[in-house]
Amino acid sequence: MFFQKMSVPVQSTVTVSSFLGLDRRARGELGSFREMENLTSDGYPTLTVRPRRGLAGQAESPGGIAAKDALIWVDGHTLYVGGVATELVLTEGSKQLIGMGNWLIVWPDKKYINTGDLSRYGSLENRVQTQGQVTLSLCGAKGAALGDYLASEEPPTDPAGGCLWLDTAGELPVLRQYGESGWSIREDTYIKIAAGGIGVGFAAGDGVVIEGCREESLNGSHVLEAAEDGALVVPGMIAGQATQTEELTVRRSVPEMDFVIESGNRLWGCRYGVTDGKAVNEIYASKLGDFKNWNCYAGRSTDSYVATRGSDGPFTGAADYLGSPLFFKEDCVERVYPSAAGAHQIVTVRCPGVRKGSGRSLQTVEGVLYYHGCGGVYAFDGSMPQRVSQALGEDEYHGAVAGGADGKYYLSVLDAENQPQLLVYDVRQGLWHREDALRAVGFAVSGGVLYAMTGAGDILALKGGGTVQEEPVAWRAETGDLGLDSGEGKYLVRLSLRLRPEEGGAVRVAVSYDEGETWQEQGGVTGSGRLRDCVLHVRPRRCRRLRLRLYGVGGCRVYSLTAVYEKGSDGP
């Protein structure tokens, strides 16, 4: 008797050995995951759990974080440098911390401190109002005494060589000196303003504004020739010595600015809005090498700088990139081309800019500037920005804050429901991963370690370190629908996972047949003391498509996923 020979169902095998991170598009790349938590590209092409974090410090009222030779952060009214509380007193709130050489500038407080000598600190601005008598007199360079001179409309008779004559015949007085060629104008003539404490907080080269002087020609802007506690020296000319008892005000001011950066040994800033009742849309630069002075206009290449812009809308971010200050709006970037001669040029480039509220997302990684714009995350290499966040799908984010280290761009954002997410872009591999719901207010790199300051005040070393290590990490990875890659009828017969959990680490597998509405446990494994490779087999029920969830606690590395399909009917 012969039985009919049965045909073996045709099977096919698909193996994934390169895991491509997060991909939330309707149909992601093979080897990607639609949702994940606490995974990293550190072990690419394997799927790897992120390292445990370390706690490096805490702040009760976090205001900002930066790094120079040591880690720097703001806690309420206090600035800490390398864990040491400084005597610089700040206001409450979020700060921009800008480094310039050994100096750190705190904005918007307009304060500074030397991070190498914490006893050197103060305010960028200065204002002195005199009390008592103020004396105005002519002097030479640096305040040197002129000696005797005659003030008259007619020159002295029989003058000796070097004799001085203050010529008052014209509308403006002129100091002349007698020499071999007769009377010539003496160019190095200045005015000394003497009063108790008038020069405290000022220095030679400061750009100041004088108000309340009887001599009207002295009211206005000046660049100080010299300064000492009891006297200031400014360019000018008066018709002899004069005194007054009315209050005289001398002030060095800094403009209000939305964003401040350092570039080319200057501070640069921008402002859009109303200042002192006047609408402004301007870009500013401090005096070269002098972050205190923003109003020095002496006709030199080192002068301060200000330019009004024609582009509309508020500034949304600023960065120094390839030696050029960049000032972003949502639909353009104002690019400054600095000149050694002081003739700086600014070009407006229409392109996707920084989204409002994401000004802290600007970060340079591997020589490319990344930022969060209205259409997603962009990479700017000096030409035109290119979007790199297609894998994040159509989700909208806001309030982005970013940091960069080890070829990765760390992006802390809020989603449409104001829930935080920490997304990481590996710029070398072009892969996105989601870590967790950490909300950072700032990032800084110190000693090669990336630190994040959270909204709760924790200062975390994102790859370990500090005084306290995080507990073993709970992680998760969910695929999109498997089984949609072929037009012909196929059924998923078996899934095989090759993975390596760390000692004591647990890994579980679940599947969903209803697009993630419910999940059914399929088993799991626990890491052995010898960290042996484990193969976990999953046999789902007969179905056209399913979703796979891997989750666990502790370190783990997934090497491959193999799916075995069986051909079925072509019906629905």
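Scroll up for the structure.
Residues numbered from 1 in each chain as written. Predicted model: local features only at pLDDT ≥ 70, side-chain atom pairs only at ≥ 80, totals over all residues. Heavy atoms only, no water.

Thoughts on the overall build of the chain
Thinking step 1. Of regular secondary structure, the chain possesses zero helices and 53 strands.
Thinking step 2. Taken over C-alpha atoms, the radius of gyration comes to 34 Å for the chain, far larger than the 25 Å a tight globule of 572 residues would show.
Thinking step 3. Taken along its principal axes, the extent of the C-alpha atoms in the chain is 150 × 45 × 40 Å.
Thinking step 4. Taken across its 572 residues, the chain has 49% of its residues classed as buried.
Thinking step 5. Taking all contacts inside the chain whose residues are at least 6 apart in sequence as the whole, residues at least 24 apart take part in 59%.
Thinking step 6. Carbon and sulfur atoms form 47% of the exposed surface of the chain, whose accessible area is close to 26,800 Å². (Helix = DSSP H or I, 4+ residues; strand = E, 2+ residues; numbered from the N terminus. Rg over C-alpha atoms; globule rule 2.2 N^0.38 Å. Buried < 20%, exposed > 50% of the residue type's maximum accessible area, 1.4 Å probe, protein only. Contact = heavy atoms within 4.5 Å. Areas by Shrake-Rupley, 256 points an atom, 1.4 Å probe, with all protein chains shown as cover.)

Some words on the nonpolar core
Across soluble globular proteins, nonpolar side chains show a tendency to be buried alongside one another.
Thinking step 1. In terms of nonpolar packing, the biggest core is built from 48 residues, with Y370, Y409, L411, W432 and L495 touching the most fellow members.
Thinking step 2. Top element by residues in this core is strand β53 (residues 556-567). It accounts for five residues.
Thinking step 3. Excluding anything up to four places from it in sequence, L411 contacts S361, V377, A400, V401, A402, Q421, L422, L423 and W432.
Thinking step 4. With 23 residues, the next largest nonpolar core counts L136, C213, I238 and V250 among its residues. (Core = buried A, V, L, I, M, F, W, Y, C linked by side-chain atoms within 4.5 Å.)

Quick look at the sheet that holds strand β33 (residues 332-337)
Thinking step 1. Spatial ordering of the open sheet is given by β31-β32-β33-β34, a layout of four strands whose pairing is antiparallel. Only two strands of the sheet have a single neighbouring strand rather than two, namely β31 (317-321) and β34 (345-350). Each strand of the sheet is rotated relative to its neighbour by a mean of 20°, with strand direction disregarded.
Thinking step 2. Strand direction decides the pairing type here: β31 and strand β32 (residues 324-329), joined by five bridges, are antiparallel. Paired with A318 across the bridge in β32 is F327. (Pairing = 2+ DSSP bridges. Axes fitted to C-alpha atoms, helices over the stretch in contact; angles between N-to-C directions.)

Focus: the pattern of salt bridges
Thinking step 1. Following the criterion strictly, the structure yields 29 salt bridges and no others.
Thinking step 2. One salt bridge in this structure joins R214 and E246, with 3.0 Å as the shortest N-O distance. One end of the pair, R214, is in the loop between β21 (207-211) and β22 (220-223); the other, E246, is in the loop between β25 (242-244) and β26 (249-252), with 32 residues separating them in the sequence.
Thinking step 3. R547 is the salt-bridge partner of D481, the closest N and O atoms lying 3.1 Å from each other. Of this pair, D481 sits in the loop between β47 (474-478) and β48 (490-501) while R547 is found in strand β52 (residues 547-553), placing the two residues 66 residues apart along the sequence.
Thinking step 4. You can call D481 partly exposed: its relative accessible area is 25%.
Thinking step 5. Each of the salt bridges in this network shares a partner with another, and the network as a whole consists of R50, R53, E435, D436 and E470. (Salt bridge = Lys/Arg side-chain N within 4 Å of Asp/Glu carboxyl O.)

Points about the layout of surface pockets
Thinking step 1. The computed volume of the largest pocket comes to approximately 1,200 Å³.
Thinking step 2. L97, I261, A318, L362 and Q363 are the residues nearest the centre of the largest pocket, which is lined by 42 residues in total.
Thinking step 3. Put simply, the parts of the chain that give the lining of the largest pocket at least two residues each are β6 (62-67), β10 (96-100), β27 (259-263), β31, β35 (363-365), β39 (398-405) and β43 (440-446).
Thinking step 4. Residues that form the lining of the largest pocket fall into these classes: 23 nonpolar, 12 polar and seven charged. (1 Å grid on protein atoms, 1.4 Å probe; cavity = no way out; pocket = protein on both sides within 12 Å on 5 of 7 lines; lining within 4 Å. Points joined across faces, edges and corners; volume = space filled by probe spheres on them. Nonpolar A, V, L, I, M, F, W, Y, C, P; charged D, E, K, R; others polar.)

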